[in-house]
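Inside the fold
Each chain, letter by letter, is given below.
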Amino acid sequence: MTGHRKDVDGLRAVAVLFVLAFHASVPGLGGGFVGVDVFFVISGFLITGLIVRDLAAGTFSLADFYARRARRILPAAGTVLVASALAAWLLLPPLRAADVAADVFTAALYVANWRFIAQETDYLAADRDPSPLLHFWSLAVEEQFYLVWAPLLLAAFWLAGRRAVAAAAVLVTAGSFALSLSWDGPAAYLASPTRAWQFGVGALAALALPYLSRTPRLPAALLGTAGAAALAWSLTLDESGYPGTQALVPTLGTAALILFRSPVSALLSHGWMGAVGRLSFAWYLWHWPVVVLFGDGRSWPVKLALVIGSALPAWLTMRLVERPVRFSKVVAELPRRGLAVGTAAMTVPVTAALLLGGASVPRAEVATAVVEKAPTVDAAAARTDYPPSEGCEVALTTTTSPPCLFTPSGSGRAGAVPGNDRVVLLGDSHAGQWFTMARRVAQRRGWTLEVLTKPGCPLAALKVVDPRLGREYRECDQWRENTLTRLEGETPPRLILLASLTAYADAKATLKGWRPTLERLSRLGAPLVYLRDTPLPGIDVPACLSGKPAESCAFPRSRGLAPDPLAAGRRPGLWTLDVSDLLCPGNGPTCPASLDGVVLYRDDSHLTNTLVQRLAPRLEQQLEGLDLIPTVL
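Residues numbered from 1 in each chain as written. Predicted model: local features only at pLDDT ≥ 70, side-chain atom pairs only at ≥ 80, totals over all residues. Heavy atoms only, no water.

Let's talk about the confidence of the model for the protein chain
The test is simple: The score called pLDDT rates the predictor's confidence residue by residue, from a low of 0 to a high of 100. Note on definitions: a residue-residue contact is assigned when non-hydrogen atoms from the two residues lie within 4.5 Å.
For the protein chain, the average pLDDT comes to 90, and 94% of its residues sit at 70 or higher. When the criterion is pLDDT under 50, residues 366-377 qualifies, and its contacts beyond four places in sequence or with other chains add up to 29 contacts.

Right, here's the structure in full:
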């Protein structure tokens, strides 16, 4: 690869405009997330081309390579991270600011993708508001890739020259692509091992360019135009199941545009495209924090205006930080100077993250003092006020619940055989939140509690798409079938408590899905008690309470108290318990976030365990009043 490619600058512009349109929620451009794929291919093409050129010339140095990377990436990224930390301090509630502090810390160390993978696969944390630094996952993937790629190519070239480099590129690309097809969910999307193949495709394009550049004009034009068409068609893709084989379309389309000159190349080489391409890195860094901090919940025209407005700080960063450092003769003269600049560009945001995190904790403590009636569980503690169910809620891809039994003595007996004297708690995480109440009912009667719950999985027979997996939740269907079959093979329990989120589908589909489940459960001969779904605040309640008075965190009754079709009618053999009048008292327009000194929700939909402890005696009395359980004094 020789000379500067204006069309590649234009391709950078296409990539960033795709991403910006996607994050602005512009209608018709739902596949704009593939802009990141385009960036990965371009990066692999350019960087591998430079490495191979220097290897062939005998001038390649790992120290110089990483110094160039540091000058190019870290100062601008560090600037945005520090600005984001400051904005979080000024604009966000303390608990959210503390979350952002952790995001800044991991982003500055270029491991943010692994933090986001952990969050997205943890049902306890997955419902929190999006991070203003979520887009730093792609920078983390890129830097992790080159941390391995450059030494690998150096070793391959030293062993057997250019052919070994090509062989290494083929092996890495094929292996990573195979891995991307075998991994699921956030790890498939955000992990460096499953994205390395896209850099590899760019690397193979760099290695093939000297041979394919001699392609006759007409075939080259056709292939390049086909690549452009593939890239345009990628805008119709959705994130369900992505990347998978779908990612071949934008990845190979980008490679074709790079390898084969076509009329599209002339368009990409236009002056304004080049200008946007040169701004693309800084614009990518700035746009998402601006959208998250100022555009959350806004319409797409507002988000688009914010995205366009973010071009101003991006341009200033490019002119005042990125380009002066990158092209500084003094800094570029010695690799250690570039590495020192990079170290400083990482150290400053890490320090900012530590300061922000430390400062947010006392702010959260002060903020809870203004919440009316000084909550028993303060806002910070509410976030981790989970039921003590000891891992009974199974993981995303697990299809069988463990033998999660809690004996009257208070111990869990994994592997114990369920007996007749037991209560079964069955459903999704909205069933799991009632663990403490179910435990009380069972324990006070000398019974065992059996917990069978799976987050995000409706007990009704519904086909759902899990946003963390990005595809149909097939594991949910299998878990539901395995669980019902398991109950059919066990001794009938004394009582079955059911609960589930109602927002999986509309009322008609929900009722239809409940029928086969209830038919099978009713044949067990045990009383079925449905706990009406609790109000859905739709906001991160602890974060809100950490920075505002309780009345400011109340949510609209019309949104929070959605109709529950299963609770609406009478069904033989099914009883309903409803605490809506306690959680959303009166007939006012709003429902409270805290009540009688207790924070009600630990996130945007689940009750705190402290609240469940308070509600447990009332629910137990209701069960006794229905003669479903013996009365205990």
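Observations regarding the state of the cysteines
Applicable threshold: Our working definition of a disulfide is a cysteine sulfur pair at a distance within 2.5 Å. The cut-offs for exposure are 20% and 50% of the maximum accessible area for each residue type, with area from a 1.4 Å probe on protein chains only; residues under the lower value are buried, those over the upper are exposed, and the others partly exposed.
As enumerated under the stated definition, the model contains 4 disulfides in all. With its sulfur 2.1 Å from that of its partner, Cys544 forms a disulfide with Cys553. As the torsion about the S-S bond is roughly -95 degrees, the Cys544-Cys553 disulfide counts as left-handed. Grouping residues by exposure puts Cys544 and Cys553 together as buried. Disulfide partner of Cys584: Cys591, at an S-S distance of 1.7 Å. Disulfide Cys584 to Cys591: torsion about the S-S bond roughly -75 degrees, handedness left-handed.

With respect to the packing of aromatic side chains
Spelled out, the test is: Only Phe, Tyr and Trp rings take part, Trp by its six-membered ring, and two of them pair if their centres are within 6.5 Å. Stacked means planes under 30 degrees apart, edge-to-face means over 60, and tilted covers everything else. What counts as a helix is a DSSP run of H or I of at least four residues, what counts as a strand is a run of E of at least two, and both are numbered from the N terminus.
Overall, the coordinates contain 18 aromatic pairs when judged by the stated rule. Each ring, one from Phe22 and one from Phe33, has its centre 5.5 Å from the other, and the planes form 70 degrees; the classification is edge-to-face. With a gap of 11 residues between them, Phe22 in helix α1 (residues 6-23) and Phe33 in the loop between α1 and α2 (35-57) connect regions that are remote in the sequence. Summarising the burial analysis for this pair, Phe22 and Phe33 share the class buried.

A closer look at the pattern of salt bridges
Spelled out, the test is: By definition, a salt bridge exists where a carboxyl oxygen of Asp or Glu is found within 4 Å of a side-chain nitrogen of Lys or Arg.
Per the stated rule, a full pass over the model turns up 28 salt bridges. Ionic pairing is found between Arg69 and Glu143, a salt bridge with its closest N-O pair at 2.5 Å. Highlighted residues: Arg69 in helix α3 (residues 62-91) and Glu143 in helix α6 (residues 136-182), separated in sequence by 74 residues. For the salt bridge of Arg444 with Glu620, the shortest nitrogen-to-oxygen distance reads 2.8 Å. In this pair, Arg444 sits in the loop between α19 (435-443) and β3 (448-453) while Glu620 sits in helix α26 (residues 609-625), placing the two residues 176 residues apart along the sequence. A network of salt bridges, in which partner residues are shared, links Arg440, Arg444, Arg445, Glu620 and Glu624.

Some remarks on a nonpolar patch on the surface
So the rule is basically this: Patch rule: a residue counts if its relative accessible area is over 30% and it has no salt bridge; like charges are joined within 9 Å, and nonpolar side chains (Val, Leu, Ile, Met, Phe, Trp, Tyr) within 5 Å. Methods summary: accessible areas were calculated by the Shrake-Rupley approach with a probe of 1.4 Å, and residue burial reflects only the protein chains presented.
Together, Phe105, Leu109, Val111, Trp114, Trp183 and Leu354 line one region of the surface with nonpolar side chains, adding up to about 520 Å² of accessible area. With respect to the helices, strands and loops of the structure, Leu109 is situated in the loop between α4 (94-108) and α5 (112-121).

A few points about the sheet that holds strand β2 (residues 422-427)
Rule in force here: Between any two strands, at least two bridges found by DSSP are needed for them to pair. Simply put, an axis is a line fit to the C-alpha atoms, just over the touching stretch for a helix, and the angle between two N-to-C directions goes from 0 to 180 degrees.
Reading across from one edge, β1-β3-β2-β6-β7-β9 is the order of the 6 strands in this open sheet, with mixed pairing throughout. A single partner strand is all that each edge strand has here, and the edge strands are β1 (405-406) and β9 (574-577). In this sheet, strand β6 (residues 495-499) lies alongside β2 in parallel orientation, the contact comprising 5 bridges. Bridge pairing in β6 links Val424 to Ile496. Running at roughly 155 degrees to β3, helix α20 (residues 474-489) makes contact with β2 and β3 of the sheet.

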